[in-house]
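# Tertiary structure, described
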Amino acid sequence: MQKLCSNCPANANYSVVVITSTVGISKRIQRSSVSVPFCAQCFAEFRDRLCSDLLRESVNKMFTAIETQLNERLLVAKTGD
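What comes next is a walk through the structure.

What counts, and where the lines are drawn
- Residues numbered from 1 in each chain as written.
- Predicted model: local features only at pLDDT ≥ 70, side-chain atom pairs only at ≥ 80, totals over all residues.
- Heavy atoms only, no water.
- Disulfide = S-S within 2.5 Å.
- Buried < 20%, exposed > 50% of the residue type's maximum accessible area, 1.4 Å probe, protein only.
- Core = buried A, V, L, I, M, F, W, Y, C linked by side-chain atoms within 4.5 Å.
- Helix = DSSP H or I, 4+ residues; strand = E, 2+ residues; numbered from the N terminus.
- Contact = heavy atoms within 4.5 Å.
- Expected span 1.5 Å × (residues − 1).

## Re the state of the cysteines
Any covalent bond linking the sulfur atoms of two cysteines counts as a disulfide. Counting across every chain of the model gives zero disulfides. With no disulfide partner, C5 has as its closest neighbouring cysteine sulfur the one in C42, 3.8 Å distant. Taking the relative accessible area as the measure of exposure, C5 reaches 8% and is therefore buried. Here C8 stays free of any disulfide, with the sulfur of C39 as its closest cysteine sulfur at 3.7 Å.

## Description of the nonpolar core
The biggest cluster of nonpolar side chains holds 10 residues, and these are C5, Y14, V16, F38, C39, C42, F43, L50, V59 and F63. Listing elements by their share of this core, those giving two or more residues are β1 (14-16), α1 (40-48) and α2 (53-79). When neighbours within four sequence positions are excluded, V16 is seen to be in contact with V34, S35, V36, F38, F43 and F46.

## Description of α2
Helix length check: α2, at 27 residues, gives a terminal C-alpha distance of 39 Å against a target of 39 Å (1.5 Å per residue), a fit within 8%. Count one or two residues on from α2 and you reach G80, which has phi positive near 80°.

Structure representation (structure tokens):
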């Protein structure tokens with residue numbers, strides 16, 4: 001079943017989960033959010049609005065890696081290799 005974007009009525013292409021951890025203490029506390037679906041356009045808008053340059057660079061690097069892996073998978077599926 002196709003999920004819808006959390007920001008508009010389009011079909012979702014990506015899902016974002018935020019993992020937050022404490023730092024500088026032993027017995028680190030770490031929690032993750034529920035997944036939030038986004039279409040490609042809303043995800044691009046989300047990436048552009050991140051307030052931290054380091055966070056934006058990190059998310060963009062992750063997105064590039066996912067896109068590369070997805071394109072490779074689609075290429076293999078088309079060629080049957």
